[in-house]
Structure formats: structure tokens, C-alpha cells
Amino acid sequence: MINTLRNYMELSSTVADIVEAQIKEHPLSKLGLSTGSTPLGMYKELVSRELDWSTVITFNLDVYLMYVNHPESYQSYMRKNLFDRTNIYPNHYHFPFRPFSSFEDKIKGSKGIDLCILGIGTNGHIAFNEPGSSFLSRTRVVNLEEQTIIDNARFFDSVDDVPTQAITMGLATIMESKKIVLMAKGLKKKSILNQAMFGMITEDIPASILQEHKNVEIYYCD
Ligand code: GLP
């Protein structure tokens, strides 16, 4: 089921409520986190709530293959919008790293992700698992689709500055999360979201694999 909310503020606070409850009920939570424009309001809301992040561990879903201190790297994004504004320990937050098997082991060693917050791309990607990604995929380097590069060009000076490759958790990695919350905003996401949630489960629409997850919640606003 897709929960449709009235506006972006409600979308942000609803998902922030879920994260807050997770952290308060389970202070040792492991969170899977995503970037992009959609979760910005949720991060802002979480920062304003001044929660105790001192025992929380996080795993970001994906990073561009680029200079990590570039202002548009996902590492910079996370520091600016969440990590530097909470009391999370720097050695408690993780971005995909090499060797990828060690990154996967790190997630498994921490007993897995309890709550994973996802967005969705206009082509149905989750994290950077582009259409055609195997449902069995794990953390790896991927080439970004032209549509994804165009969609993300708004964050850069020009489309030529958008990285063409990324490291992403795989679909199998994401599906091992105990609970998944997907947030989507805007009419341009509506049709792909409906196809993903109610259409055929196919690797052509990576997000459609979520239909097979037992504990997934979808929140959408126009
Ligand atoms: C990006 C990210 C995804 C994100 C998606 C949607 O490419 N890799 O993790 O969920 O695209 O982004 P936005 O919220 O900006 O539409």
C-alpha cells in the first residue's frame, strides 16, 4: 500500500517519526540511509529533535565515484545534513568501501540493518541499482544511466560534472534489511512508484523487488 501524505512537510515528519521511534526503542539500531532531495526535510526534522545518536550505527546505501570532499559527494551531503549536526560518532557511520565484501561483512557483523530509508529514481532505481540490476546483486561499482545523470544534474554546475559511476549496495543487500521505508515526492515519481508496487516484479524496475519484502512501508506526496 502507498500512504499518500498531504505535503512534503508531512512526508518528512512522518518518516522522521519512524526513525525517532526506532532510535528511542532500540538505541543500538543500525540504519540504512539514502541521499537525494527527498530525504532532506526528514534529516532536517531529525536534527531539530536532538535525538541521542551516540549508539546508532549507519550504513549509507550508495556514493558517487568521485572526490569524497567534493561538496556534492554523498559523504559531504550526509555530514552537512545529518552527521555533523548530531552526536553520532564518526566511526559509527559508514559509506560503501572496498573491498566490497568487507563492507557487506561489516553490515552482517553488526547483525544487519534494522531500518532502511529508501528513495526511488524516476527510472525505478533504488540506491544506485539501475534497471537491469540483478535481484541477487550485492555492493559493487555501477555505471549510471543517462536518465539518472540528467535527473541529478540539478545538483551540479553542468550535466558534464555529474559522476558517471557509483558504488551501491545491491538489491539483495537492501532486501536483507529488517524494515524498509521508501519515501517519494512529486508527480514525476507517481507512475514509476505505482508500477513498482503494483506491477510485475521485474529487474527492469529495481524497486519492484520491494513487493517481496515482508516489512515495507511506502510514503508519497505530490
Ligand atoms: C539518487 C540516489 C538515490 C535516491 C534517488 C532519488 O540518484 N542515488 O538514493 O533515492 O536518486 O533522488 P531524489 O530524492 O533527489 O529524487
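Below is a summary of the structure that appears in this document. Keep in mind the model is a prediction, meaning the values are calculated, not measured. (Residues numbered from 1 in each chain as written. Predicted model: local features only at pLDDT ≥ 70, side-chain atom pairs only at ≥ 80, totals over all residues. Heavy atoms only, no water.)

A separate point is the overall build of the protein. Looking only at helices and strands, one finds seven helices and ten strands in the protein. By the compact-globule yardstick of 17 Å for 222 residues, the protein fits well, its C-alpha radius of gyration being 16 Å. Reported as C-alpha extents along the three principal axes, the dimensions of the protein are approximately 40 × 40 × 35 Å. Out of the 222 residues in the protein, the part that is buried amounts to 58%. Once local pairs closer than 6 in sequence are excluded, the contacts in the protein between residues at least 24 apart make up 78%. For the protein, the accessible surface area stands at approximately 10,200 Å², while carbon and sulfur atoms represent 53% of it. In the protein, 22 positive and 26 negative side-chain charges are present, and the distance between their average locations comes to 4 Å. (Helix = DSSP H or I, 4+ residues; strand = E, 2+ residues; numbered from the N terminus. Rg over C-alpha atoms; globule rule 2.2 N^0.38 Å. Buried < 20%, exposed > 50% of the residue type's maximum accessible area, 1.4 Å probe, protein only. Contact = heavy atoms within 4.5 Å. Areas by Shrake-Rupley, 256 points an atom, 1.4 Å probe, with all protein chains shown as cover. Lys, Arg positive; Asp, Glu negative; His and termini not counted. Charge placed at Lys NZ, Arg CZ, Asp CG, Glu CD.)

This next bit is on the site of the ligand. Neighbouring residues of the ligand: 14 residues in total, closest Ser37, Thr38, Asp62, Arg154 and Lys189. Thr38 is positioned such that a nitrogen or oxygen atom in its side chain is 2.4 Å from an oxygen atom of the ligand. Here a nitrogen atom of the ligand and a backbone polar atom of Ala127 are 3.5 Å apart. In isolation the ligand exposes 390 Å². Once the protein is present, 96% of that is buried. Looking at the shell around the ligand residue by residue, the classes come out as four nonpolar, seven polar and three charged. (Near = heavy atom within 4 Å. Polar contact = N/O pair within 3.5 Å; in protein donor to acceptor, adjacent residues only side chain to side chain. Nonpolar A, V, L, I, M, F, W, Y, C, P; charged D, E, K, R; others polar.)

Our next topic: unusual backbone geometry. Following Arg98, the chain continues to Pro99 via a peptide bond in cis, the omega torsion being -10°. For Pro99, the location among the structural elements is in the loop between β5 (93–94) and α4 (100–109). Of note, the phi angle at Ala127 is positive, near 50°, even though the residue is not glycine. Turning to its location among the elements, Ala127 is positioned in the loop between β6 (115–118) and β7 (140–143). Look at Ala127 and you get buried, because its relative accessible area is 10%.

This brings us to the side chain of Ser12. Along the chain, Ser12 falls in helix α1 (residues 8–25). Filtering out sequence-adjacent residues up to four positions away, Ser12 remains in contact with Gly41, Met42 and Glu45.

Let us now look at the packing of aromatic side chains. This model, assessed by the stated rule, comprises eleven aromatic pairs. For the pair Tyr43 and Tyr77, a centre-to-centre distance of 6.3 Å together with 75° between the ring planes defines the contact as edge-to-face. Of the two residues, Tyr43 is situated in helix α2 (residues 40–48) and Tyr77 in helix α3 (residues 74–81); the sequence distance between them amounts to 34 residues. With relative accessibility at 12%, the residue Tyr77 sits in the buried group. (Phe/Tyr/Trp six-rings, centres within 6.5 Å; stacked < 30°, edge-to-face > 60°.)

In this section: the sheet that holds strand β3 (residues 57–60). Pairing is parallel across the open sheet formed by seven strands, whose spatial order is β1-β10-β9-β6-β2-β3-β5. Two strands in the sheet have a free side with no partner beyond their single neighbour: β1 (2–4) and β5. Sheet topology places strand β9 (residues 179–185) next to strand β10 (residues 216–221); six bridges connect them, and they run parallel. Within β10, the residue paired with Ile180 across the bridge is Val216. Strand contacts of helix α7 (residues 187–198): β1, β9 and β10, with the helix running at about 155° to β10, the strand carrying the most contacts. (Pairing = 2+ DSSP bridges. Axes fitted to C-alpha atoms, helices over the stretch in contact; angles between N-to-C directions.)

Each pair of packed helices can be summarised by the angle the axes make with each other and by the distance between the axes. Viewed as axis vectors pointing N to C, α1 and α2 meet at an angle of 55°, and their least axial separation amounts to 8 Å. On the basis of their axis angle, the class for α1 and α2 is oblique. Along this stretch, α1 crosses α2, giving a crossing that reads as right-handed. On α2, the residues that touch Tyr8, Ser12, Ser13, Val15, Ala16, Val19 and Glu20 of α1 are Leu40, Gly41, Met42, Glu45 and Leu46. (Parallel < 35°, antiparallel > 145°, perpendicular 65-115°, else oblique. Left-handed = near helix turned anticlockwise from the far one by under 90°.)

Spanning twelve residues, α7 covers 17 Å between terminal C-alpha atoms, matching the ideal 16 Å at 1.5 Å per step. For α7, every residue scored as buried is listed here: Lys189, Ile192, Leu193, Ala196 and Met197. Looking straight down α7, one finds its buried side chains confined to an arc of 130°; they lie on one side. Exposed and oriented more than 90 degrees from the buried face of α7 are Leu187 and Phe198. Buried residues in α7 make contact with β1, β9 and β10. (Expected span 1.5 Å × (residues − 1). Arc of directions from axis to C-beta.)

With that settled, the discussion passes to the nonpolar core. Grouped together as the largest cluster of nonpolar side chains are 42 residues, with contacts concentrated most on Val19, Met42, Leu46, Trp53, Leu82 and Ile117. Ranked by residues supplied to this core, first place goes to α1 with six residues. Not counting the four nearest positions on each side in its chain, Leu46 is found in contact with Ala16, Val19, Glu20, Leu51, Trp53 and Leu82. (Core = buried A, V, L, I, M, F, W, Y, C linked by side-chain atoms within 4.5 Å.)

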